[in-house]
Structure formats: C-alpha cells, structure tokens
Amino acid sequence: MKIPFFQVDAFVTGQPFSGNPAGVCLLPEPRDEAWMQKAAMEVNQAETAFLHPEKDGYRLRWFTPTMEIALCGHATLASAHVLWQEGIIKKKEEARFWTQSGLLTAVLQGDLILLNFPAMPAGPCEGVPGLEESLGAKVLSLGRTNAYYLAELSSAEVVRRVKPDFKLLESVLRDQKLLGVAVTAPSDDKAYDFVSRFFAPAAGIPEDPVTGSAHCCLGPFWEARLHQNTFSAYQASARGGALQVCCEGGRVYLGGKAVTVIRGEWL
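J.: Which parts of the structure should I look at to understand the packing of aromatic side chains?
T.: Note on aromatic pairs: each is described by the distance of the centres and the angle between the planes. Summed over all chains, the structure comprises 10 aromatic pairs. Seen in terms of ring centroids, phenylalanine 194 and phenylalanine 231 are 5.7 Å apart; in terms of plane orientation they differ by 65 degrees. Their pairing is edge-to-face. In this pair, phenylalanine 194 sits in strand β13 (residues 194-200) while phenylalanine 231 sits in strand β15 (residues 230-235), placing the two residues 37 residues apart along the sequence. The buried category is assigned to phenylalanine 231, whose relative accessible area is 2%. An aromatic cluster is present here, built from Phe5, Trp35, Phe50, Phe63 and Trp266 joined pairwise through their rings.

J.: Any chance you could explain helix α1 (residues 33-43) here in plain terms?
T.: Given 3.6 residues to a turn, an α-helix orients residues that are three or four positions apart in the same direction. Every buried residue of α1 is listed here: Met36, Gln37, Ala39, Ala40 and Val43. Take α1 and look down its axis: the buried residues cluster within an arc of 160 degrees, on one side only. Opposite the buried face of α1, at more than 90 degrees from it, the exposed residues are Lys38 and Glu42. The inward-facing, buried residues of α1 abut β1 (3-10), β2 (20-26), β3 (47-54), β4 (57-63), β5 (68-69) and β18 (258-266). The N-cap of α1, judged by a side-chain oxygen 3.2 Å from the amide nitrogen of alanine 34 a few residues on, is aspartate 32. The first or second residue beyond α1 is asparagine 44, which carries a positive phi of 60 degrees.

J.: Where do I start with the pairing of strand β17 (residues 251-256) in this structure?
T.: When a strand is regular, its side chains alternate between the sheet's two faces. Judged from the 6 bridges that link them, strand β8 (residues 112-118) and β17 form a sheet pairing that is antiparallel. By the bridge assignment for β17, leucine 115 is matched with leucine 254. As paired strands, strand β16 (residues 241-248) and β17 are joined by 5 bridges and run antiparallel to one another. Counterpart to valine 245 in the pairing with β17 is leucine 254. Hairpin connection between β16 and β17: a loop of 2 residues separates the two successive antiparallel strands, and glycine 249 in this loop has a positive phi of roughly 60 degrees.

J.: What's the story with the layout of surface pockets in this structure? I'm lost.
T.: Any empty space left between atoms is shown by rolling a water-sized probe over those atoms. Of the pockets and cavities examined, the largest pocket occupies roughly 370 Å³. Considering the residues around the largest pocket, the lining is formed by 23 residues, among which Ile69, Leu71, Ala147, Leu179 and Ser213 are closest to the centre. Those elements that place two or more of their residues in the lining of the largest pocket are α2 (73-85), β13 and β14 (205-208). Of the residues that constitute the lining of the largest pocket, the class distribution is 13 nonpolar, 8 polar and 2 charged. Size it by volume and the second largest pocket reaches roughly 180 Å³. Taken together, Val12, His81, Trp84, Gln85, Lys91, Leu108, Gly110, Asp111, Ile113, Lys257 and Ala258 form the lining of the second largest pocket. It is α2 that provides the largest number of residues to the lining of the second largest pocket, a total of 3 residues. Looking at side-chain class alone, the lining of the second largest pocket contains 5 nonpolar, 3 polar and 3 charged residues.

J.: I tried to follow the pairing of β14 on my own but got confused; where do I start?
T.: Of the strand pairs in this sheet, β13 and β14 are connected by 2 bridges, and their pairing is antiparallel. Along β14, the bridge assignment pairs alanine 200 with isoleucine 205.

J.: What am I meant to see in helix α5 (residues 166-175) here?
T.: When α5 is considered as a whole, its buried residues turn out to be Leu169, Val172 and Leu173. With its buried residues spanning 95 degrees around the axis, α5 presents them on a single face. Opposite its buried face, α5 presents the exposed residues Lys167 and Asp175, each directed more than 90 degrees away. Those residues of α5 hidden inside the fold are in contact with α3 (131-135), β11 (148-152), β12 (180-186) and β13. In the segment just after α5, lysine 177 is the residue with positive phi, at about 60 degrees.

J.: In this structure, what is going on with the side chain of threonine 211? I would like to understand it.
T.: With respect to the helices and strands, the residue threonine 211 is situated in the loop between β14 and α6 (215-226). Setting aside its immediate chain neighbours within four residues, threonine 211 contacts Phe198 and Gln235.

J.: What exactly am I supposed to notice about the nonpolar core here?
T.: Formed by 54 residues in total, the largest nonpolar core has its most connected members in Leu51, Trp62, Phe97, Ile113 and Leu115. Here this core gets 7 residues from one element, more than from any other, and that element is α2. With near-sequence residues (within four places) excluded, isoleucine 113 lies in contact with Leu77, Ala80, His81, Trp84, Ala106, Val107, Leu108, Leu254, Gly255, Gly256 and Ala258. Counting 23 residues, the second-largest nonpolar core is a separate cluster that includes Leu131, Val139, Val159 and Val181.

Reading guide: rules and limits
Residues numbered from 1 in each chain as written. Predicted model: local features only at pLDDT ≥ 70, side-chain atom pairs only at ≥ 80, totals over all residues. Heavy atoms only, no water. Phe/Tyr/Trp six-rings, centres within 6.5 Å; stacked < 30°, edge-to-face > 60°. Helix = DSSP H or I, 4+ residues; strand = E, 2+ residues; numbered from the N terminus. Buried < 20%, exposed > 50% of the residue type's maximum accessible area, 1.4 Å probe, protein only. Arc of directions from axis to C-beta. Contact = heavy atoms within 4.5 Å. Polar contact = N/O pair within 3.5 Å; in protein donor to acceptor, adjacent residues only side chain to side chain. Pairing = 2+ DSSP bridges. 1 Å grid on protein atoms, 1.4 Å probe; cavity = no way out; pocket = protein on both sides within 12 Å on 5 of 7 lines; lining within 4 Å. Points joined across faces, edges and corners; volume = space filled by probe spheres on them. Nonpolar A, V, L, I, M, F, W, Y, C, P; charged D, E, K, R; others polar. Core = buried A, V, L, I, M, F, W, Y, C linked by side-chain atoms within 4.5 Å.

Encoded structure:
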C-alpha cells in the first residue's frame, strides 16, 4: 500500500529552507509503533507526523528519529497545512487532531495557520549542576516543565552565541529525566519581542530549528515579564523561524506559515 508523504517547512520566515522541516505521513488506517519509529528514523527530521482519520478529525502522533513525543508544534502545523493543501479538508474548516496532549485544533487565517495548544508554564527550579557548564552561558533564571528546562539568558546576543557541550548537556538532561532545554532573552530586533533556541540531545535532536511546543512555556514566561499576552517570537537557530504567540484562558495560540518542499509516497 502506497502512503502519501510530504516534507513541510513550518514556521518559515517567508521562504522555503527556513523554519523547521517536518515529515507528514497520511495513513489510511493506524500503523504499529515499530513501523512509525523506523519510518521516522528513515526520514531523519526532528519530528515526523503520522495521522489517520478518527472521530471528527485525525489521530496524530509524532516521532523523533529515536522516540515518540507527547506534543509537537511544527509537525502539527505541517499536518494541518497538508490537509488544506491537498483538499482533504476545506480551507474554511477547522483541522482537529486527537493526540496524547488532548484535542488540538488549527484554523487557517489568510496564509497564517493558527494552532490552539495548552499553556505549559514553567515552575520554579533550583540551579542544576552542570547545566550552565553544558550551555557555556550564565543562567539568570531557571524554570522547569515536565519535559524540559527554560533558561533565561542575559541577552539575545548571548542566546545566539550559545554553543552547547552536547555530551554534557545530554548527561544533565538524562539525570533529570528531561528531553531538552530552551534558552531565551528579550529580542534586540524591533520586529520581535523575544528570541529563543531549543536543544534536545536526549531526544536525538541536538538543536531543533523551531520548537512550537516550547512556546507553550515561553509565552506564559514572557507574559509575566513583559505584561502583555501577544508576541512576535523568533527562534534563532541556523535556519531561523518566526511565530506569533498569544496567551489566553490557559491556552497558547501559535501562528505560523508553512510551505511544502517534498511530495512523495512510501512504497
């Protein structure tokens, strides 16, 4: 059975080859986890999304090259983009995804896809031995979710200059049973409110180009710091990515653009 496959750049800054590439597999029916994990390893992107019809929407699961994860923003945005692009759902229809993190929805507003995700504020966290050494940067404040650390650094320039010791960082994260760490600071570019980067060596992703799910934590963090609830955000990876973020009613709305760069099929 041939399975449609797409590679989509999500949260692009306006053109292909920016943002975060995600694989999207349109399954006619569920496939076993072992096949999906091998397929994600073969695609070798940060995340590959697998979706098939379920209830009034689609069952959606995300796999890195090494594991399944509970929430992924850019691969969800990529999945919604494919459904509208291929005419599987009408552009005026809401895309509905049943996931490990509950029901997630997406709507199309012009060329912007708006995701409705749960807010995940970081709780206070004491200093973690080895974390600053692994990042090579002074951490001003540290928070923690159930999946990763949120480290505030002194400036956008420091965020851009971070060169982690990935072996040490992976050891620190595994000791704490976490997948990654987001680093962030106020933006030095008037087009954006804050910048970030995201490292997840414990999940097989040394640096994620653009991490939608991390903004479920970054949004509430900067809401408290900047006393506003809407933001333009930039993830300062080598590829770069742009997001619109709005915090409201315990939810975080993530807006971004996507473009398909590869279309094919599994044989």
